[in-house]
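# Coordinates in review
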Amino acid sequence: MSFEPRIVGFLCNWCSYAGADLAGVSRLKCAPNVHIIRTMCSGAVEPEFVVKALQHGADGVLILGCHIGDCHYQYGNHRAKKRVAILRRLLSYLGIDPRRVKLEWVCASCADDFVDVVNKLTADIKELGPLHGGGKDR
């Protein structure tokens, strides 16, 4: 039986969620492993949300926002970028491979980019293995 990772995706309402929706409407082939949580902004994703997702069974977390300079809240994506950098250091300290958390920018008309990011992260997490019970983190 092959491992299928569980990935929680926090997607910005204005860009990334629309890009994901376009991928679905366009019937693009995308790994079904990401469970989407729609947020108003990538900057609203608290580090605690990511840690909690990993503690409660997620093998990876994807945070998608508007491209730098295109944030509907001006600096939300800058905040997300800073938070994720700090979060990755914290995860390393906790013994969790920081590659399990991915931050990317996907625009509303970028369905192909959404699919590429999801498929790449899914493949990366498959290579790392399950976080709970047998991953390569420790």
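Here, the structure is the one placed above.
## Some details on the state of the cysteines
- With the rule as written, the count across this model stands at one disulfide.
- Here Cys-107 is linked by a disulfide to Cys-110, with a sulfur-sulfur distance of 1.9 Å. Residues Cys-107 and Cys-110 share a disulfide whose torsion about the S-S bond is about 70°; that sign makes it right-handed.
- Free cysteine Cys-12: the closest other cysteine sulfur is in Cys-66, separated by 3.4 Å.
- On the basis of relative accessible area, Cys-12 is assigned to the buried category, the value being 2%.

## Here's the deal with the nonpolar core
- Ranked by size, the top nonpolar core spans 19 residues in total, and within it Phe-10, Val-50, Leu-54, Val-61, Ile-63 and Val-101 carry the most contacts.
- Looking at this core, the elements that each hand over two or more residues are β1 (7-12), α2 (47-55), β3 (60-65), α3 (76-93) and β4 (101-105).
- Formed by 18 residues, the second largest nonpolar core is a distinct cluster that contains Ala-20, Val-34, Ala-111 and Val-117.

## Concerning the pairing of β3
- Burial analysis of β3 places six of its six residues in the buried class, the great majority of the element.
- The alternating pattern of β3 places Gly-60, Leu-62 and Leu-64 and Val-61, Ile-63 and Gly-65 on opposite faces, both of which are buried.
- The sheet contact formed by β1 and β3 spans five bridges and is parallel. Among the inter-strand pairings, Val-8 is bridged to a residue of β3, identified as Val-61.

## Description of helix α4 (residues 111-128)
- With 18 residues, α4 extends 26 Å between its outermost C-alpha atoms, agreeing within 8% with the 26 Å of an ideal straight helix rising 1.5 Å per residue.
- Of all the residues in α4, the buried ones are Ala-111, Phe-114, Val-115, Val-117, Val-118, Leu-121, Thr-122, Ile-125 and Leu-128. The arc that holds every buried residue of α4, seen down its axis, measures 165°, which confines them to one face.
- Where α4 is buried, its residues touch β1, α1 (16-25), β2 (34-39), β3 and β4.
- Trailing α4 by a residue or two, Gly-129 shows a phi angle of about 90°, which is positive.

## Side note on the pattern of salt bridges
- Tallied over the full model, the rule gives five salt bridges.
- Taking the shortest distance from any N to any O, the salt bridge between Glu-104 and Lys-102 comes out at 3.2 Å.
- Glu-104 sits in the partly exposed class, given a relative accessible area of 25%.
- For Lys-102, a relative accessible area of 25% puts it in the partly exposed group.
- In this structure, Lys-120 engages Asp-124 in a salt bridge whose closest nitrogen and oxygen atoms are separated by 2.9 Å.

What counts and how
Per chain, the residues get numbers from 1 upward, laid out in the order the sequence is written. Since the coordinates come from a predicted model, pLDDT governs what is reported: local features require at least 70, and pairs of side-chain atoms require 80 or more to be given and counted, while whole-chain, interface and lining totals use all residues. Based on all heavy atoms of the structure, the side-chain values leave hydrogens and waters out of the count. Put simply, a disulfide is two cysteine sulfurs that come within 2.5 Å. Only protein chains enter the accessibility calculation, which uses a 1.4 Å probe. A residue is then buried if its area is under 20% of the maximum for its type, exposed if over 50%, and partly exposed in between. The criterion is simple. A nonpolar core is a set of buried Ala, Val, Leu, Ile, Met, Phe, Trp, Tyr and Cys residues joined through side-chain atoms within 4.5 Å. Each helix corresponds to a stretch of at least 4 residues labelled H or I by DSSP, and each strand to a stretch of at least 2 residues labelled E; elements are numbered beginning at the N terminus. Strands are labelled as partners when DSSP assigns at least two bridges between them. The span you would expect from a helix comes to 1.5 Å times its residue count less one. What the arc measures is the spread of directions leading from the helix axis to the C-beta atoms. Contacts are assigned to residue pairs with any non-hydrogen atoms lying within 4.5 Å of each other. Any carboxyl oxygen of Asp or Glu within 4 Å of a side-chain nitrogen of Lys or Arg constitutes a salt bridge here.

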